[in-house]
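# Tertiary structure, described
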Amino acid sequence: MESKFGRGFVVNLVLLSKHFALPPEQAFYGASDHLTEMQMPPRLKGTEAEELMMRLKKIVIWHKIGINDKQDAEAAQKIIKRLVIAVDKELGIDDPDMGSFD
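Residues numbered from 1 in each chain as written. Predicted model: local features only at pLDDT ≥ 70, side-chain atom pairs only at ≥ 80, totals over all residues. Heavy atoms only, no water.

What follows covers the overall build of the chain. When you go through the chain residue by residue, the secondary structure sums to four helices and zero strands. Along the chain, helices and strands appear, N-terminal first, in the series α-α-α-α. Taking 13 Å as the expected radius of gyration for a compact globule of 102 residues, we find that the chain reaches 14 Å, a close match to that expectation. Overall size of the chain, expressed as C-alpha extent along the three principal axes, is 40 × 40 × 20 Å. A buried classification covers 33% of the 102 residues belonging to the chain. Long-range pairs, those at least 24 residues apart, make up 62% of the contacts in the chain with a sequence separation of at least 6. About 6,800 Å² of surface is accessible on the chain, with carbon and sulfur atoms providing 55% of the total. Counting 14 positive and 16 negative side-chain charges, the chain places the averaged centre of each group 4 Å from the other. (Helix = DSSP H or I, 4+ residues; strand = E, 2+ residues; numbered from the N terminus. Rg over C-alpha atoms; globule rule 2.2 N^0.38 Å. Buried < 20%, exposed > 50% of the residue type's maximum accessible area, 1.4 Å probe, protein only. Contact = heavy atoms within 4.5 Å. Areas by Shrake-Rupley, 256 points an atom, 1.4 Å probe, with all protein chains shown as cover. Lys, Arg positive; Asp, Glu negative; His and termini not counted. Charge placed at Lys NZ, Arg CZ, Asp CG, Glu CD.)

Time to look at the side chain of H63. Structurally, H63 is set in the loop between helix 3 (48-62) and helix 4 (69-90). Looking at H63, the relative accessible area reads 9%, which means it is buried. In this structure the side chain of H63 is engaged in a polar contact, spanning 2.6 Å, whose partner is the side chain of D69. At 2.7 Å, the side chain of H63 forms a polar contact with the side chain of D72. (Polar contact = N/O pair within 3.5 Å; in protein donor to acceptor, adjacent residues only side chain to side chain.)

Before going further, it helps to examine helix 3. An ideal rise of 1.5 Å per residue puts 21 Å on 15 residues; helix 3 measures up with 21 Å between its terminal C-alpha atoms. Buried residues of helix 3: A49, L52, M53, L56, I59 and V60, and no others. Looking straight down helix 3, one finds that the buried residues subtend no more than 125° of arc, so they occupy a single side. Exposed positions of helix 3 whose direction lies more than 90 degrees from the buried face are K58, I61 and W62. Check the buried side of helix 3 and you find it contacts helix 1 (10-19) and helix 4. Where helix 3 starts, the residue carrying a side-chain oxygen 3.2 Å from the main-chain nitrogen of A49 turns out to be T47. (Expected span 1.5 Å × (residues − 1). Arc of directions from axis to C-beta.)

Shown next as structure tokens:
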């Protein structure tokens, strides 16, 4: 069956990152939809990546639109950046780095 909001881990992480590329007052609309079918890969269970994913889920799920949008969106962006680096480390990349693009 086709997924409406994305299935898997990386797919949903990318979709969530698109939300947080929007202005903070728009970022949270529909973001929690991507958590519905998000799955933590077994390889990442018990790692820093799992802990960061749980923190990201809490921010997205518990966020009240219109209250602390900017602060919560910034926190979500920081967690996503840390999360992708943690995933790269678990995949065997010795020195992953986000670069200085931002």
